[in-house]
Every structure is written in C-alpha cells, then in structure tokens.
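Structure at a glance
Spelled out, the chains give:
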Amino acid sequence: MVLERANIKINCTPKAKVDIIREIGTMFYEQGYTSEAYIQAMVDKEEVFNTNIGNAIAIPHGVEAARSEIKKTGMILQTYPQGVDWGNGEKVKVVIGIAAVGDEHLDVLTKIAMTLSDEAEVEHLLSMTEEEIFVLFAAE
C-alpha cells in the first residue's frame, strides 16, 4: 500500500504553502522514501508549476530532474478543513504529497483521481478519520 496509516494527518492547522511542502518532503526523507535533496525538489516544482489540481486538492511532488532522489513510492495525505492559500487565490483543503519510482506515479494519480473526482468526495474525506481514509485509499 502506497499510503501508510502514519502518513495521514487530518484537521491540520493552516500554514504557508512552502512550509507544508517542506514538512511533507521532510517526512518522505525521514521515512526513507527519498533523499534529503527531494525536499528542495518539491519546493522547486511548486515555483515552476502550481500543483493545485482543482477540487481543493494539491499534489506537491518533486521536479523531474529529482526522480533519482526517490527510493520507494509513497504518499502523504494531510487535510486542512479551513483551507490553505495555494496561490492565485485558490484554497486547498487536501494536500497529497507524492514520491513515486518510475511510472508508479501514474497509478498514484489514477487512484487520487478516482477517489476524489468531485467536490462532494473531497468534502466527505474531510469528515473522515485517519483509519477511514486509509481504508478508502487501500480499496482497489
């Protein structure tokens, strides 16, 4: 399973976008998903491409050049029910950090798209427990 229970954080206190990205990158590094360089690669990606994908979801990840910094595929999911400014006046409520080996990011993105395809599903996710979110993403 790509999304571990320990990597689900709900009802987070809003903070600056760059702080959220650095926190997620640090979690990836400390848990052995990536090298330490991937933290900055995630920040760099956001500077050239806003990772807000709509439906109040952002999927921060590293720049293409940093793919070699990824050791194993993983996800980190955080919810911000009050919303976080993700740039351009856009509010994000679900942040899903991605570190994926090879083409595994396609499977991860497909799972996110299928699980959170509309705003109602995102709002429902915001009311779920960590365990319920884990089960939701574990389902095939």
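Residues numbered from 1 in each chain as written. Predicted model: local features only at pLDDT ≥ 70, side-chain atom pairs only at ≥ 80, totals over all residues. Heavy atoms only, no water.

1. Notes on the nonpolar core
Counting residues in each nonpolar core, the largest one holds 21 residues, and the members touching the most others are Ile20, Ile24, Phe28, Tyr38, Trp86 and Val95. If sequence neighbours within four positions are ignored, Tyr38 has contacts with Phe28, His61, Gly62, Ala66, Glu69, Ile70, Ile98 and Ala99. In terms of nonpolar packing, the next biggest core, distinct from the first, is built from 20 residues, Ile8, Met75, Phe134 and Phe137 among them. (Core = buried A, V, L, I, M, F, W, Y, C linked by side-chain atoms within 4.5 Å. Buried < 20%, exposed > 50% of the residue type's maximum accessible area, 1.4 Å probe, protein only. Contact = heavy atoms within 4.5 Å.)

2. Quick look at the packing of aromatic side chains
One pass over the structure, following the stated rule, counts two aromatic pairs. Considering the side-chain rings of Phe28 and Tyr33, the 5.7 Å spacing of their centres and the 70 degrees angle between planes classify their relative orientation as edge-to-face. For Tyr33, a relative accessible area of 5% corresponds to the buried category. Measuring from centroid to centroid gives 6.4 Å for Phe28 and Tyr38, while their planes differ by 70 degrees, and the two rings are edge-to-face. Within this pair, whereas Phe28 is found in helix α1 (residues 17-30), its partner Tyr38 is found in helix α2 (residues 37-48), the two being separated by ten residues in sequence. (Phe/Tyr/Trp six-rings, centres within 6.5 Å; stacked < 30°, edge-to-face > 60°. Helix = DSSP H or I, 4+ residues; strand = E, 2+ residues; numbered from the N terminus.)

3. Quick notes on α2
Think of an α-helix as turning once every 3.6 residues; residues three or four places apart then point the same way. For α2, with twelve residues, the first-to-last C-alpha span of 17 Å sits near the 16 Å given by 1.5 Å per residue. Within α2 the residues assigned to the buried category are Tyr38, Ile39, Ala41, Met42, Val43, Lys45 and Glu46. At its buried positions, α2 is contacted by α1 and β5 (91-99). (Expected span 1.5 Å × (residues − 1).)

4. Considering the environment of Val84
Following the sequence through the fold, Val84 ends up in strand β4 (residues 74-85). Overall, Val84 belongs to the buried group, its relative accessible area being 2%. A sequence separation of 67 residues divides Val84 from Lys17, and the C-alpha atoms of the two residues are 7.2 Å apart. Here Val84 is in contact with Pro14, Lys15, Ile20, Glu90, Lys91 and Val92, once residues within four sequence places are set aside.

5. Structural notes on the sheet that holds strand β2 (residues 52-54)
Read across the sheet, five strands follow the order β1-β4-β5-β3-β2 without closing on themselves; strand pairing throughout is mixed. Strand pairing shows two members of the sheet lacking a second neighbour, β1 (3-9) and β2, which therefore form its edges. Across eight bridges, the pairing between β4 and β5 is antiparallel. By the bridge assignment for β5, Gly74 is matched with Ala99. (Pairing = 2+ DSSP bridges.)

6. Here we look at the pairing of β5
Counting buried residues in β5 gives seven out of nine residues, a clear majority hidden from the surface. Taken together, the two bridges between strand β3 (residues 57-58) and β5 define a ladder with parallel strand orientation. Residue pairing across strands places Ala58 opposite Val95, the latter belonging to β5. Counting the residues in the hairpin turn of β4 and β5 gives five residues, including Gly87, whose phi is positive at 100 degrees.

The values reported here are purely geometric and, on their own, carry no functional implication.
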